[in-house]
Structure formats: structure tokens, C-alpha cells
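Coordinate analysis (summary)
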Amino acid sequence: SDIHASSTRVLTEPVRTVAQRGKMGAIKVTSVLAITLLVCCILQASFLTGVHCAEASAADATVDVDAGATLSYDGFSAEEKKALDGGEKQEFQAEVGRLMDIIINSLYSKKEIFLRELISNASDALDKIRFLSLTEPKVLGEGDAAKLEIRISTDKKAGTITIHDSGIGMSKEDLMNNLGTIAKSGTSSFLEKMSKEGDMNLIGQFGVGFYSVYLIADSVTVVTKSNDDDQYVWVSSADASYTISKDPRGTTMSRGTQITMKVKEDATEFLEEDQLKTLIKRYSEFINFPIYLQTTKTEEIEVPDEDVAKEVEKPEAAEADEKKDDDEVDVSDVDEEEEKKEDKPKTKKVKKTTKDWELINDTKAIWVRAPSDVEAAEYNNFFKSLTKEFDDPLEKIHFTAEGEIQFRSILFVPKKAPSDLFDKLQTKQNNLRLYVRRVFISDEFDDLMPRYLSFIRGVVDSEDLPLNVSREMLQQSRVLKVIKKKLVSKALDMMKKMSEAEESAIEAEEEEEKEDEDAAKKEAAGEKAEEEESEEEEGEEDGEAAIKKFKDFNEAFGKTIKLGIIEDTKNRKKLAKLLRFESTHTKDGETVSLGRYVKRMKEGQKHIYYIAGENKKELESSPFLEKLKKRGYEVIFMTDPIDEYAVQHMDEFEDNKLMNASKEDLKFGDKEEKKEKKRREKAKESLKDLIEWYKKILGDRVEKIIVSNRLTTSPMAVVTGTYGYTANMERLMKAQALNDPSRYSFMASKKTVEINPYHPVVLKLNEKAKESADDDDTKDLAFMLYDSALVTAGFDIDDQANFHKRILKLIKGGLNVDEEAKPEEPEDEPEEEEEKKTEEPEEGEKKEEEEKKEEEKKEEL
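Residues numbered from 1 in each chain as written. Predicted model: local features only at pLDDT ≥ 70, side-chain atom pairs only at ≥ 80, totals over all residues. Heavy atoms only, no water.

**Some points on the overall build of the protein chain**
- A tally of helices and strands in the protein chain yields 26 helices and 21 strands.
- Sequence-distant contacts, at least 24 apart, represent 72% of the contacts inside the protein chain between residues at least 6 apart.
- With the model as given, the accessible surface of the protein chain reaches about 54100 Å², and the carbon-plus-sulfur share is 49%. (Helix = DSSP H or I, 4+ residues; strand = E, 2+ residues; numbered from the N terminus. Contact = heavy atoms within 4.5 Å. Areas by Shrake-Rupley, 256 points an atom, 1.4 Å probe, with all protein chains shown as cover.)

**What to know about the sheet that holds strand 2 (residues 160–165)**
- If you trace the eight strands from one edge of the open sheet to the other, you get 5-4-3-6-2-1-7-8, paired in mixed fashion. Bordering the open sheet on either side are strand 5 (242–246) and strand 8 (347–359), each of which pairs with just one other strand. Neighbouring strand axes in the sheet, compared pairwise and without regard to direction, differ in orientation by 20 degrees on average.
- The sheet contact formed by strand 4 (residues 232–236) and strand 5 spans five bridges and is antiparallel. When the sheet's bridge partners are listed, Trp-234 is paired in strand 5 with Ile-244.
- Strands in contact with helix 8 (residues 273–283) are strand 1 (150–155), strand 7 (291–304) and strand 8; relative to strand 7, the strand with the most contacts, it is inclined by about 145 degrees. (Pairing = 2+ DSSP bridges. Axes fitted to C-alpha atoms, helices over the stretch in contact; angles between N-to-C directions.)

**Regarding a negative patch on the surface**
- Together, Glu-509, Glu-510, Glu-511, Glu-513, Glu-515, Asp-516, Glu-517, Asp-518, Glu-541, Asp-542, Glu-544 and Glu-590 give the surface a local cluster of negative charge.
- Mapped by element, the contributors of at least two residues to the negative patch are helix 12 (477–520) and helix 13 (527–567).
- Examining the composition of the negative patch, we find that eight residues originate from one element, helix 12, more than from any other.
- Exposure remark for Glu-510: the relative accessible area of 34% places this residue in the partly exposed category. (Patch = residues over 30% accessible without salt bridge, like charges linked within 9 Å, V, L, I, M, F, W, Y side chains within 5 Å. Salt bridge = Lys/Arg side-chain N within 4 Å of Asp/Glu carboxyl O. Lys, Arg positive; Asp, Glu negative; His and termini not counted. Charge placed at Lys NZ, Arg CZ, Asp CG, Glu CD. Buried < 20%, exposed > 50% of the residue type's maximum accessible area, 1.4 Å probe, protein only.)

**Some thoughts on the environment of Ala-217**
- Tracing the chain through its elements places Ala-217 in strand 3 (residues 217–225).
- A residue is classified by how much of its surface remains accessible, and Ala-217, at 2% relative accessible area, is buried.
- Residues Ala-217 and Thr-260 lie 43 residues apart in sequence; the distance between their C-alpha atoms is 9.4 Å.
- Among all residues touching Ala-217, those that are not within four sequence positions of it are Met-261, Lys-262, Val-263 and Lys-264.

And the structure:
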């Protein structure tokens, strides 16, 4: 309080001297510290009080916990819990009709799935009895009972579909457990029971597949017979009840199960044989056991015509009586052929309907066998059956993937690309068929194969894919990614194998050519040489086949591989080795790979040179290649519209940078380049005035004019910037159907004019520019030279109207025609002369008419 009072006095007293001001500052600091100390004391007291309160409440909580230690988690004591345990137990009740409706209509998106599910169940039943027969052969029985098969038939009049299998069958208890209990899988129970005895390949997992019959059926009747029980009948109509009774007909089957479905009115299409055949081939073509479908055939047959025979008998009897009365009848003239005809019975054609059992799944699942056990003809037949194509596949790969997920697969490269290959790139692919234990699941995927490999056809079969209950989709996209990675890798390996075979064959041909040149200088080697030639001929045939195979592949699918260069960054290096192009060193019809290009690069060459355009013929005469040809460098021709897009995503190949020969800043990277640079610098000085004058008259049409390092025979060339569109790319962008110029205008770089400092035309133009820079004729010549360079480079002419005028002026000068000369039209003839000409034929016509009339009168007289 004293400090506070003194500080108050100090604040109120006037400050009169410097000493007093210092004393007052010290007092102020002291008062601030005092106030701070007071606040800290208050806070500390509050904190200590809170701690004590917290400790007290914690102690109270501990006491409460200790008091209730004997209570359960829900607040009941042990004695109270015992009392609760004595209560009446009840089971959860489900509205079975509603549950069945959910299972039937929510799990499956297509009605046709019922056939796949029932055939899969039948296959499991056959697998079970086959497995048991390995240790107990008697369970199969004898004769027809030992045949393991599935038979499907329809009755259109009754509106039913029947599926019969000779599998293990079911006892009464099995019917109650498997069909009477929803989501009870008999296959799962059988697998658990037999898991210790051996590995089985069964399909059923969820126990709801049977109920898919109600997608198309109002009621279902199941007749079944097992070796351990009598024959029973199970009947249900997808409501809350079902009936099981012993078959009153007795035992009508030796063993197995027969399912008869009463088809709904809106599902009668499944009574058609063709529809069932299509579904069996789609979903169950590769089931292990034969599937027979009862088919109806109508054919015309000849049968004796009884009515005609009766009519013939009557006149024959009358004739016989007449012959008896007539003694002079002569039978010697009767023709033998007529007797034979009379002896033949009279017949008529009648349509007859017959029923027969047709084997549907005659194609075997060859992917489950080892590749060494499958012959080439089997692969070809399987491919044709899978794709419905007539040609054999170009290449195939058969493999088994192991690791995080196991699956078997066969991939094929077709010989020809489908006509709608690029039209379906944005839609779901159906090139691969996914099977689980040889049962078809789906062929519509977005992530199983990248779109640039959409031409690959094949099958994928796995034992443990995480499917949902309806088996129509995969539950984990991560699994699809694993499968996709493996499939892409194997597909690229298959194509790499074809590419390497082609490269080896071409190298062998080149070596043979060298050997032939050397052998021509030496003497023949005799018989040994002939034997070697026969061996070489066999090698040549194999080599030619390998070259033709990859040539067909490149022609059919080369564009899709280039699409992969754009889209697949991970596999870009692998795909780059599959590319093929024409070049300045290839003959017509031949191509070169980037790998072979690098091998035959000139000494000192550091870049891979290419140029893009419409066709090889135009590119060969391009002025951009003049210096490259002179040095002997090979230049790749990119003539596909997608080529230049793809190269933009591939800067180099095997540490060799790709360089566009039509863009500025062309480099050679050799010793000669430094010497040429010095010579160009001198030439630039001599043409300094021409360059300034030329840039002035061209204005904004070009960015700059430089002395060229690529021209040898042409006077001028127009190139684009390093990062801008070339003339070919601009042409492609403008040709787009839904073209929007604003989207690519920023990429259309300004043009650069390169002049050849040693060309006579340039030198003469330099003289003209110095003598008469403002002369219109000189300017016209300069514009003509520039426009011709634009056309040669592939660009559009900026001012076509003036270009036409200059061309016309040049033609007039060459023909010595006055520039101001105009076409003269002939003058019209006078109108009187025309009238006379028109009158003359009229008078002649009148005379002819009069003469005719006179002749007619004479004839009358």
C-alpha cells in the first residue's frame, strides 16, 4: 500500500527537474513490478485451489468405482445378472417372403444368371461324387448311372425348364439344410468336411445361388436321389414355406438331382433353345462335365402314300378283268422301265419333328493345363471359339501368376485389328473374359487392361477372386490392379518376343548379305557348302516368317502402341522398342526400329533425327533434310497422325535425344559443326543488310531471319520454334472436326526464316536489295521466295490474294504479256442479220408444207 501510495503521488506531482524525472522513472518501474507480483500471487492461489478440487473429485470417483466393482458393464450386479439369465429365450424372426424378395431381386442384375448358378450347382454335385469315387468307386454305380453329365430340356406347352445332373444328390436332411435354410452352402460344408483329405475345385460359396431360379420361375420342383436315402421331392413357390415328401412314383433315377421350373409369363424367352444355347456357351462353356441340351429338329421325310395306293389298285383290278376277256391282248410291247416305275411304291413328303441331345460345351478349358501339354492347333481352335474369328492368332502367351493372388491366363494377339478398334476406346472393354473356377463372371471391365491394349483377347481364371454374392463384380479394386499389372507385363513380353525375333532375323539377313559378298570373291566350298546352304534356307524361312509376323502386327496395332507411349508412363521404355518407322535408309515396305537406328548411327552422331509429314515421298524431298543427307545421317519419317503426339512424350531413347529436323536450333554435335559455325558468322556479316531489309518487309509474319545450318541446295526454309507446333501439327489441329483455334493458338509459334548464304538466288537478292530496296519488283520477288518456302514447309500462305497476283505477274513476264493488258470480248453481230437467219428456215419450212399438201391432193385424185 505504501508503494502504491508513493507511486500515486509521483504520478500526480509535476516534474520540474531532470533528476526528479529519473527518480520518477525508477518509481514507475517499481510500481509495475509490484502489480505484476500481486497478479501472480492471485493466479497461483487459484491454481492451487483447482488442484485440490480436482484431487477431491478424483478421490470421490475412486470411491464410487470401488463401490460398484461388482456391477457388470450394463450396471447389473452378479445376482441380478443370474436372475436375468433365467428369462425366456426367443429367436429373431424374419419375414421370409421379404427376405426372399431381397435375395432374388437385389443380388442379381440379370435374369439370365439363374442358368449359370444352377449349372454351377450341378457341376459341384458332380465334382462331389467324383471326389468320393476316388476312394469308393462303387458310389458311381454302373452303366448310365456312372456317367457324370448335365442335361437341360424345355417344354414350351407346359412352360417348364428342366435341369438334370447325375451328381451326388441330396437326402431329406440335405434338402432341409441346403434348400430349406437360406444362405446355407452345401458346397462350403462339404469343403470343410473334406479339406483334410484333398484339394477340391468347387464353385459354390454363398448358399443363395439356387434361389436365383425365382428370377424366371413362379414355382420350382426338385426331385433328388442320393445313395444314402430314398428319392424325395422338394416344392416351393418363393414364399415362406416349402414341402418335402417322398416321391410317390418311387425311385425313377439312380442318383442325382432334377430341377423343374415353371417359367413366368415375362420370362418365356428362356424356353427358346437358341437362347439357352447362347447362355450355356457364355457362362458355362468350360465346365468340366458335358452339358447336353435337348434340341428339336424338323425335317422332311418320304413315307408311303396310302391314299394314292388305294386309288391305283382299283383301275389295275378293272384292267385285269378286261385282259381276261380279251384273248388277243399283246403284252410284248410293254416297256421294262414303265414296269419298274409301276413297281415302285407311291410316296409323299411329310415334316417330322425329332428330338436329340446336343453337346454344348465341346470346347475345353485349356488354360488349366500346362503350356507344354497344349498343341498349337488346340490354341488356334480355342482362340477361334473364344473370339468367333476365322484366322489363327498372330501370337499367344499362356502363363500362371502366383503371389498375392493366383490366376491362370491365356492372352492372344489377333491377326487383324477389329474395324471399330478406335471407336470403342471410351467404352467398357470386352476383350478379356474373367472366369472363377471355369465359370464365366464378366467381360466388361474398366481397369483390367489399359485401353491401348484393348485389342488383346484372352481369358483370366482365378480360384480365389473376392466376388460379391451375385458373382457379377469384384469387391476389391486393389486385386484388379494386381491382375492388371501382371497382364500388361505379360502382354508386353509377348510383343517383345515378336519384336526381338524380327530384329534377329533382319540382323541374320544383313550378315548373310555380307557373307555372300565375301563368298563371291572366293571359290565354292563343294558339298559341304551345299549342306550349309540347305540349313541356311531353313533359317531364312523362319526369319522371313518372323519379319512378316511383326510387320502384320505393326500394320494392325502400331497406332495403339503409340497411344500407349502417350498414356502409359511406366511402360514407355518397353513400348518404345516396339515402334517401327520408315526412314531415309529403308526401302519401300521396310521399317526400322529405334534400337536398330541407334546401332547404325554414324560415328559422332549424338541425336536421333526425325521429321513428320503426310507421306514418305513428300518428306524425302524436304529441304530440312539436305544437310543431314549430306552427312549420311539417317532420318526417321513419321507419317502417322499420332506419331508427333507420341514423340512429345518421349524425349530420348537409350540416352539419345530425339530431334525434330523441321524445328530451329538443329544440332549435329560433331567436329564439322564448329567449322561451319565460323563460316556462317562471316556470311552473316555480308548479308546483314539483306536480313534487316527482309525482316522489315515481312514484318510480324516471322519472328527472325537467320543464316541456315541445314540448307545445301535450297535458298530458303521456314522453321518453327523448339517448343511450338510444326507445320504438320498445325495441319492436324486444323483438321479436327470440333476444332477450336483458341485452344492451340498459343502453341502456334512464330516462324523463323533460314536463308542459305551461299545460294545464287540469295546472293542476287542481296544485290537487288542494295541497289533498289524500295522497288516493288524486288519486294515481289522477296515475297515469292518466302511464300514458296512456306508451301515447301507445309504451312498455309498468309496472303493468298497477293500471292495469286504475284504469280500472275510472273507468268505475264515470262510470256512477254503486258501487265496492264486486259481480255477483250468479241462484239455482238447486228440484230437484222440474226432475224434474216431466223426467217430463212421459216420460209423453207412453209415450202415443204405446201409441196406435201400438193402431193396429197394428187394421191386423192
